Amino acid sequence: METAIHDVINAKQAEISTWLKSNPTMGENIYPPLTYNPGKGNLGVGYWRNPITKKVEPISTSLEQVTIILKADGKGGYLIQTAYPAP
């Protein structure tokens, strides 16, 4: 997953730079989150809560994309707040 995250950050560098140039305050998240398919195939297993049965069930589709949420560090840079595989 770390390699996939690296690939997303490289592919989305223009969006990240534009966001950082807007001088986000410390703790502000990039919006919308960064989502990208790094071309590495299925990246994991996911679960969701079925709204009808209220049971947690596996996601049946392949999770080939990565979603990343960045948080401004207040010094012109960012931290990765979270990253996860997505359908």
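Not measured: the values here are computed from a predicted model. (Residues numbered from 1 in each chain as written. Predicted model: local features only at pLDDT ≥ 70, side-chain atom pairs only at ≥ 80, totals over all residues. Heavy atoms only, no water.)

**Some remarks on the side chain of N50**
With respect to the helices, strands and loops of the structure, N50 is situated in the loop between β2 (47-49) and β3 (56-58). Polar side-chain contacts of N50 include one of 2.7 Å to the backbone nitrogen of I52. Beyond its immediate sequence surroundings of up to four residues, N50 is in contact with K55 and E57. (Helix = DSSP H or I, 4+ residues; strand = E, 2+ residues; numbered from the N terminus. Polar contact = N/O pair within 3.5 Å; in protein donor to acceptor, adjacent residues only side chain to side chain. Contact = heavy atoms within 4.5 Å.)

**What to know about the side chain of T67**
The residue T67 is located in strand β4 (residues 65-72) in this model. Looking at T67, the relative accessible area reads 6%, which means it is buried. Among the polar contacts made by the side chain of T67, one reaches the side chain of T35 at a distance of 3.0 Å. The contacts of T67, once residues within four sequence positions are left out, are P33, L34, T35, T82, A83, Y84 and A86. (Buried < 20%, exposed > 50% of the residue type's maximum accessible area, 1.4 Å probe, protein only.)

**Here we look at the pairing of β4**
Of all the 8 residues making up β4, 6 are buried; the element is thus mostly covered by neighbouring parts of the structure. For strand β1 (residues 34-36) and β4, the ladder comprises 3 bridges, and the chain directions are antiparallel. Opposite Y36, over in β4, you have V66 as the bridge partner. As paired elements, β4 and strand β5 (residues 78-86) share 8 bridges and run antiparallel to each other. Directly across from V66, in β5, lies its bridge partner P85. Turn length for the β4-β5 hairpin, with the two strands adjacent in sequence and antiparallel, is 5 residues, and the turn residue G74 shows positive phi of about 80°. (Pairing = 2+ DSSP bridges.)

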